[in-house]
2 protein chains.
Amino acid sequence: MKILVHTAGSDSAAWIDALNQALPEAGIDRWPAARAADADYALLWKPPPELVRDLAHAKAIFNLGAGVDSMPELSALPRDVLLVRLDDAGMAEQMIEYVLHAVIRRYREFDAYVDQQREGLWHQRSRLSKNEFTVGILGAGVLGAEVARAFVRLGFPVQVWSRTPKAISGVTSFAGPQELDSFLASTRVLVCLLPLTRETKDLLDQVRLARLPRGAYLVNVARGAVVVDADLLALIDSGHLEGATLDVFRDEPLPKAHPFWHHPRIVLTPHVSAVTRVEASVAQISAKIRRLEAGLPVTGIVDRRHGY
Amino acid sequence: MKILVHTAGSDSAAWIDALNQALPEAGIDRWPAARAADADYALLWKPPPELVRDLAHAKAIFNLGAGVDSMPELSALPRDVLLVRLDDAGMAEQMIEYVLHAVIRRYREFDAYVDQQREGLWHQRSRLSKNEFTVGILGAGVLGAEVARAFVRLGFPVQVWSRTPKAISGVTSFAGPQELDSFLASTRVLVCLLPLTRETKDLLDQVRLARLPRGAYLVNVARGAVVVDADLLALIDSGHLEGATLDVFRDEPLPKAHPFWHHPRIVLTPHVSAVTRVEASVAQISAKIRRLEAGLPVTGIVDRRHGY
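Quick caveat: nothing in here was measured; it's all calculated off a predicted structure.

**Considerations on the overall build of chain A**
(1) Moving on: Check the secondary structure of chain A and you find nine helices and 12 strands.
(2) Moving on: Projected onto its principal axes, the C-alpha positions of chain A cover 65 × 40 × 35 Å.
(3) Moving on: Of all intrachain contacts in chain A linking residues separated by at least 6 positions in sequence, the fraction that spans at least 24 positions is 60%.
(4) Moving on: Approximately 13100 Å² of chain A is accessible, and the part contributed by carbon and sulfur atoms is 52%.

Okay, structure coming up:
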């Protein structure tokens, strides 16, 4: 069994070491030393188009992240080449940390308390009503559902929106384009965890963002291109939206001249909300390779019609 | 049945309204309109000494907060006047929000990212090791145990220290003075949730704080007098401690000239981590009054020997 690895500049040696330990019977090497046409399996992050094109005989391609939007050439591959995303591999826990922090920071007004400390002001602010602080999560896959449960445990009203209805205990489910407006209208803090697909690109434009109630807040930890930057800025500047915490951007690194950098109501971080962990990912992928070799089904297969 | 209410300037009307609804058979009034000597039960927050002294014939006194250190005159009351603290009444959830935010802010280095945004710097910092980021909780009562469980769910190593050993799933328990040093030595972020008693006053002095490993961080959400301010400042300034998030202080409001206000490594808030909620508290207290009237035991009775 031949396994090809391409990690786009991140530490491929760590991936190969971990794979060698997990699958000692396999031949594992990085591209282009290993020929793509010979590979049974490939682990890829941001592969060049010529690499993907040569994988027509592979059994499965594992994407080393949650979103597969970095591989547009996949649509040209034969249907029997399985495309498999990471199910979680330690990302949910990191995502929960990031989103909990961002939402509690807003709900408990910790930025206002930073200002008060600077001014030497001792003042207990009246607490925002938690019943009115509905957390609305766009996208209810593995990560979205875990984030939803974390907010339920803290007593927040929680709702999710996804393509198809989801049953998550304590969470209101909205589904499909026809329910998006009512989902947005009842959301106080919008957490975007959508995959980037044809349907979600530019989804959060002026019209959609304006459906949020006045004073709403956006947290985007999914993909920058789901949000129309200029529309978000216009709605913050008009006072309709209170602000945003952004971890992802249409172009990364975010260009120096982009107005997000120094906007007083935007908190930004350089795509750090959840990073792929080598050990947990290799454990998951090697278990799936063993199942596939044994003719058993695996979870996380990307539906190419929907792109996630 | 006569119930006396004294809430030290906060909204006593809301308490009396809620009590009237919960216990319509009782006569409820605020002190001094209601005489203390006639009261069967008293709900108190920061009462004057002359009020407490006159409660020698009451069946029970309910303290409207988690800590009873605001009532030093209690020791003079007859032993058969029960002193009852609030078990939780919505405080644990607020405390979890506050402490999660403070610890994740430090662990995920969100203050460093604020600086990077100001400088226009796109740089993904290497992640601190979660295995080495042990959350150590001083005090494992109702609040401490709930906070511990919240960190266990997020995958942090968690340990608690209390007077007597505690069994909390996934949490290492240290107990008694003889285990305090080893607890401190293995704690990366110390969360203080201790009641203020003779034993805990000034507990976190130069000697104790120096037992924490270099780079440790303090979060105090209990009582300011557990920490010796000058010793904390000296250990931060020497570089032994990384900093502190403080919600409580020896004197409140914190005096204008106190060095905590403008210290670059101290985040402070004006005693807002968890506030008493009228509805939840009255529901709990009225249920306890009904049990006491029926001769049944109640939870939350303060042990006067230990002061909590």
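**Topic: the domain arrangement of chain A**
Residues and elements named next belong to chain A.
(1) Moving on: Segmentation of chain A into domains returns domain 1 (2-89 + 276-293) and domain 2 (91-268).
(2) Moving on: Put simply, the middle of domain 1 and the middle of domain 2, counted by C-alpha atoms, are 32 Å apart.
(3) Moving on: For the pair domain 1 and domain 2, the summed buried surface comes to about 740 Å²; carbon and sulfur atoms form 48% of the total.
(4) Moving on: Taken together, the connections running from domain 1 to domain 2 amount to zero salt bridges.
(5) Moving on: Linking domain 1 to domain 2 there are zero residue pairs in polar contact (both at pLDDT 80 or more).
(6) Moving on: Classifying every residue of the side of domain 1 that touches domain 2 gives three nonpolar, two polar and four charged.

**Thoughts on the relation of the copies chain B and chain A**
(1) Moving on: Superposition of chain B onto chain A requires a rotation of 180° combined with a translation of 0.0 Å along the rotation axis, giving an RMSD of 0.0 Å. Given the turn and translation reported, the copies of this chain are related as if by a two-fold rotation axis. The rotation axis passes nearest to the C-alpha of His101 of chain B in chain B, at a distance of 2.6 Å.
(2) Moving on: Comparing interface residues between copies, 100% of those in chain B also sit at the interface in chain A, which points to an isologous, same-surface contact.

**Here's the deal with helix α9 (residues 278-293) of chain A**
Residue and element names in this part refer to chain A.
(1) Moving on: Here α9 spans 22 Å end to end across 16 residues, near enough to the 22 Å set by a 1.5 Å rise per residue.
(2) Moving on: For α9, every residue scored as buried is listed here: Val278, Ser281, Val282, Gln284, Ile285, Ser286, Lys288 and Ile289.
(3) Moving on: One or two positions beyond α9, positive phi appears at Gly295, with a value near 75°.

**Here we look at the pairing of strand β11 (residues 241-246) of chain A**
All names here are of chain A.
(1) Moving on: Most of β11 sits inside the fold, with five of its six residues counted as buried.
(2) Moving on: Of the pairings in the sheet, the one linking strand β10 (residues 216-220) to β11 comprises five bridges and is parallel in character. What sits directly across from Val219, in β11, is Thr245.
(3) Moving on: Strand direction decides the pairing type here: β11 and strand β12 (residues 266-268), joined by three bridges, are parallel. The partner of Ala244 across the bridge, within β12, is Ile266.

**Considerations on the interface of chain B and chain A**
The parts lose accessible area when they come together, and the size of an interface is often stated as this lost area.
(1) Moving on: Between chain B and chain A, the residue contacts involve 48 residues of the former and 48 residues of the latter.
(2) Moving on: Buried area between chain B and chain A, summed over both chains or domains, comes out near 4000 Å², and the portion from carbon and sulfur atoms is 60%.
(3) Moving on: Of all residues in chain B, Glu97, Gln117 and Trp122 of chain B bury the most surface against chain A, accounting for 21% of the area lost on that side.
(4) Moving on: Between Lys130 of chain A and Glu97 of chain B there is a salt bridge, and its shortest N-O distance comes to 2.2 Å.
(5) Moving on: In this assembly, chain B and chain A are joined by 28 residue pairs in polar contact (both at pLDDT 80 or more).
(6) Moving on: Considering each element in turn, the side of chain B that touches chain A owes the most residues, 10 residues, to helix α3 (residues 91-107) of chain B.

**Remarks on the packing of aromatic side chains**
(1) Moving on: Inspection of every chain in the model, using the stated rule, returns 18 aromatic pairs over all chains.
(2) Moving on: Aromatic pair Trp122 of chain A and Phe249 of chain B: ring centres 5.7 Å apart, planes at 70°, arrangement edge-to-face. Of this pair, Trp122 of chain A sits in the loop between α4 (110-119) and β6 (135-138) while Phe249 of chain B sits in the loop between β11 (241-246) and β12 (266-268), which puts the two residues in different chains.
(3) Moving on: By relative accessible area, which is 5% here, Phe249 of chain B ends up buried.
(4) Moving on: Here Phe249 of chain B and Phe260 of chain B contribute two aromatic rings whose centre-to-centre distance is 6.2 Å and whose plane-to-plane angle is 55°, an arrangement assigned as tilted. Of the two residues, Phe249 of chain B sits in the loop between β11 and β12 while Phe260 of chain B sits in the loop between β11 and β12, which places them 11 residues apart along the sequence. For the residue pair Phe249 of chain B and Phe260 of chain B, the accessibility class agrees, reading buried in each case.
(5) Moving on: A cation sits over an aromatic face here: Lys130 of chain A above Phe156 of chain A, 4.6 Å from the ring centre.

**Regarding the pattern of salt bridges**
Any two side chains of opposite charge can pair, given that their charged atoms come close.
(1) Moving on: Counting across every chain of the model gives 32 salt bridges over all chains.
(2) Moving on: For the salt bridge of Arg250 of chain A with Asp202 of chain A, the shortest nitrogen-to-oxygen distance reads 2.7 Å. In this pair, Arg250 of chain A is assigned in the loop between β11 and β12 and Asp202 of chain A in the loop between β9 (189-192) and α7 (206-211), connecting sequence segments 48 residues apart.
(3) Moving on: When its relative accessible area of 34% is taken as the criterion, Arg250 of chain A is described as partly exposed.
(4) Moving on: Note on Asp202 of chain A: relative accessible area 30%, which makes it partly exposed.
(5) Moving on: Close ionic contact of Arg105 of chain B with Asp111 of chain B constitutes a salt bridge, the shortest N to O distance being 2.9 Å.
(6) Moving on: Judged by relative accessible area, Arg105 of chain B falls into the buried class, the value being 15%.
(7) Moving on: Each of Glu93 and Glu97 of chain A together with Arg108 and Lys130 of chain B takes part in one network of salt bridges that share partners.

**Examining the sheet that holds strand β5 (residues 82-85) of chain A**
All names here are of chain A.
(1) Moving on: With parallel pairing, five strands are arranged side by side in an open sheet as β2-β1-β3-β4-β5. Edge positions in the sheet fall to β2 (27-30) and β5, since each of these pairs with one other strand and no more. Ignoring strand direction, the axes of neighbouring strands in this sheet form an average angle of 20°.
(2) Moving on: Running over the sheet, helix α1 (residues 12-22) touches β1 (2-6), β2 and β3 (41-44) and is turned about 175° from β2.
(3) Moving on: Against the sheet, α9 touches β1, β3, β4 (60-63) and β5, its axis set at about 165° to β4.

**Concerning the packing of helix α3 (residues 91-107) of chain A against helix α5 (residues 142-153) of chain A**
Residues and elements named next belong to chain A.
(1) Moving on: Packing of α3 against α5 leaves a shortest axis separation of 9 Å and a crossing angle of 50°. In terms of axis orientation, α3 runs oblique to α5. Of the two elements, α3 crosses α5, and the hand of that crossing is right-handed. Touching Met91, Ala92, Met95, Ile96, Val99, Leu100 and Val103 of α3 are Leu143, Glu146, Val147, Ala150 and Phe151, all from α5.
(2) Moving on: Its residues placed into classes, the contact of α3 with α5 shows 11 nonpolar, no polar and one charged.

Cut-offs applied
- Residues numbered from 1 in each chain as written.
- Chains lettered and ligands numbered in written order.
- Predicted model: local features only at pLDDT ≥ 70, side-chain atom pairs only at ≥ 80, totals over all residues.
- Heavy atoms only, no water.
- Helix = DSSP H or I, 4+ residues; strand = E, 2+ residues; numbered from the N terminus.
- Contact = heavy atoms within 4.5 Å.
- Areas by Shrake-Rupley, 256 points an atom, 1.4 Å probe, with all protein chains shown as cover.
- Domains from an automatic or database assignment.
- Buried area = accessible area lost by both parts, 1.4 Å probe.
- Salt bridge = Lys/Arg side-chain N within 4 Å of Asp/Glu carboxyl O.
- Polar contact = N/O pair within 3.5 Å; in protein donor to acceptor, adjacent residues only side chain to side chain.
- Nonpolar A, V, L, I, M, F, W, Y, C, P; charged D, E, K, R; others polar.
- Least-squares fit on C-alpha atoms with pLDDT ≥ 70 in both.
- Expected span 1.5 Å × (residues − 1).
- Buried < 20%, exposed > 50% of the residue type's maximum accessible area, 1.4 Å probe, protein only.
- Pairing = 2+ DSSP bridges.
- Phe/Tyr/Trp six-rings, centres within 6.5 Å; stacked < 30°, edge-to-face > 60°.
- Lys NZ or Arg CZ within 6 Å of the ring centre and 35° of its normal.
- Axes fitted to C-alpha atoms, helices over the stretch in contact; angles between N-to-C directions.
- Parallel < 35°, antiparallel > 145°, perpendicular 65-115°, else oblique.
- Left-handed = near helix turned anticlockwise from the far one by under 90°.

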